[in-house]
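Given next are the chains, with one letter for each unit.
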Amino acid sequence: GNSVTQMEGPVTLSEEAFLTINCTYTATGYPSLFWYVQYPGEGLQLLLKATKADDKGSNKGFEATYRKETTSFHLEKGSVQVSDSAVYFCALSGDYNQGGKLIFGQGTELSVKP
Amino acid sequence: DTGVSQNPRHKITKRGQNVTFRCDPISEHNRLYWYRQTLGQGPEFLTYFQNEAQLEKSRLLSDRFSAERPKGSFSTLEIQRTEQGDSAMYLCASSSGGWGNQPQHFGDGTRLSIL
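(A) The arrangement of the nonpolar core in detail. If you look at the biggest cluster of nonpolar residues, it comprises 26 residues, and the most contacted ones within it are Trp35(A), Leu47(A), Leu48(A), Phe73(A), Leu75(A) and Tyr88(A). Listed in part, the 19 residues of the second largest apolar core include Ile26(B), Leu32(B), Leu77(B) and Ile114(B).

(B) Geometry of the sheet that holds strand 7 (residues 56-59) of chain A. Residue and element names in this part refer to chain A. As summarised here, the arrangement of the 4 strands in space is 3-9-8-7, forming an open sheet in which the pairing is antiparallel. At either end of the open sheet lies a strand with only one pairing partner, and these are strand 3 (19-21) and strand 7. Between one strand axis and the next, the sheet turns by 15° as a mean value, whatever way the strands run. Sheet analysis places strand 7 next to strand 8 (residues 62-65), joined by 4 bridges and oriented antiparallel. Bridge pairing in strand 8 links Asn59 to Phe62.

(C) Here's a closer look at the environment of Phe89(A). Checked against the element boundaries, Phe89(A) lands in strand 10 (residues 86-93). Along the backbone, Phe89(A) and Ile21(A) are 68 residues apart, and their C-alpha atoms lie at a distance of 9.6 Å.

(D) Structural context of unusual backbone geometry. Cis geometry marks the peptide bond from Gly9(A) to Pro10(A); its omega dihedral reads -5°. Relative to the elements of secondary structure, Pro10(A) occurs in the loop between strand 1 (3-6) and strand 2 (11-14). The step from Asn7(B) to Pro8(B) runs through a cis peptide bond, and the omega angle for that step is -10°. One can find Pro8(B) in the loop between strand 1 (5-7) and strand 2 (10-13). Phi is positive for Asp54(A), which is not a glycine, with a value near 75°. Mapped onto the fold, Asp54(A) is located in the loop between strand 6 (44-50) and strand 7.

(E) Structural view of the pairing of strand 4 (residues 23-26) of chain A. All names here are of chain A. Burial along strand 4 is one-sided: the face carrying Cys23 and Tyr25 is buried and the face carrying Thr24 and Thr26 is not. Where strand 1 and strand 4 come together, 4 bridges link them in antiparallel fashion. Across the sheet, Thr5 pairs through a bridge with Thr24, a residue of strand 4.

(F) Geometry of the state of the cysteines. Residue and element names in this part refer to chain A. Applying the stated criterion across every chain, the model contains 2 disulfides over all chains. The disulfide partner of Cys23 is Cys90, and the gap between their sulfur atoms is 2.0 Å. Between Cys23 and Cys90, the S-S dihedral sits near -70°, and the bridge is therefore left-handed. With Cys23 in strand 4 and Cys90 in strand 10, the pair connects residues that are 67 residues apart, well separated along the chain. Residue classification places Cys23 among the buried positions, given a relative accessible area of 1%. Look at Cys90 and you get buried, because its relative accessible area is 1%.

The rules behind the values
Residues numbered from 1 in each chain as written. Chains lettered and ligands numbered in written order. Predicted model: local features only at pLDDT ≥ 70, side-chain atom pairs only at ≥ 80, totals over all residues. Heavy atoms only, no water. Core = buried A, V, L, I, M, F, W, Y, C linked by side-chain atoms within 4.5 Å. Buried < 20%, exposed > 50% of the residue type's maximum accessible area, 1.4 Å probe, protein only. Pairing = 2+ DSSP bridges. Helix = DSSP H or I, 4+ residues; strand = E, 2+ residues; numbered from the N terminus. Axes fitted to C-alpha atoms, helices over the stretch in contact; angles between N-to-C directions. Disulfide = S-S within 2.5 Å.

All we've got here are geometric facts, nothing functional implied.
This is the structure we're talking about:
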């Protein structure tokens, strides 16, 4: 079945450092890929998405490119801020006829120090 | 757009009791999803509705769990005869159907603690 694997955390960085959180997936057909973020004490928020191969999703300085050849969707940011401290979840949803349910990775906690 | 609303935010109950949670989706969204999240893990899919029809249930959803979405608006998730292992955060999400996979918008969740 479909699955998502993320790099384990926690990840601790200094402010302005470069961030990469690795995400790989296994899926049949043509899934859509998402990154969600959960700030402390808050609910899940959509960060960015990509719906087909080679699409790049971007938002708030974060980027991720849908790589079908490597089945990856790594999250990157050039310069992190303390306010980026949160838990990041990679997720996929299958073809439309699979109902759109999300399959999540286990999450990667990011801590950014001043 | 008032967002997805879930009630209650927290529920503490004794083992063996029944509990019911409510989710109010974004008003124009026809799809509604329930997920369960335990500490340190990503959310796991439980079930989803398109309008009032429940179209899929995960194998995680034992016979003690039941979900409804009367009239295709709000939804309820009931757990009967709760067990320690039911302690988790229960998340609701909604999306517009359409063609392709539209992003899901999540509520803040209901945290269930079983004593």
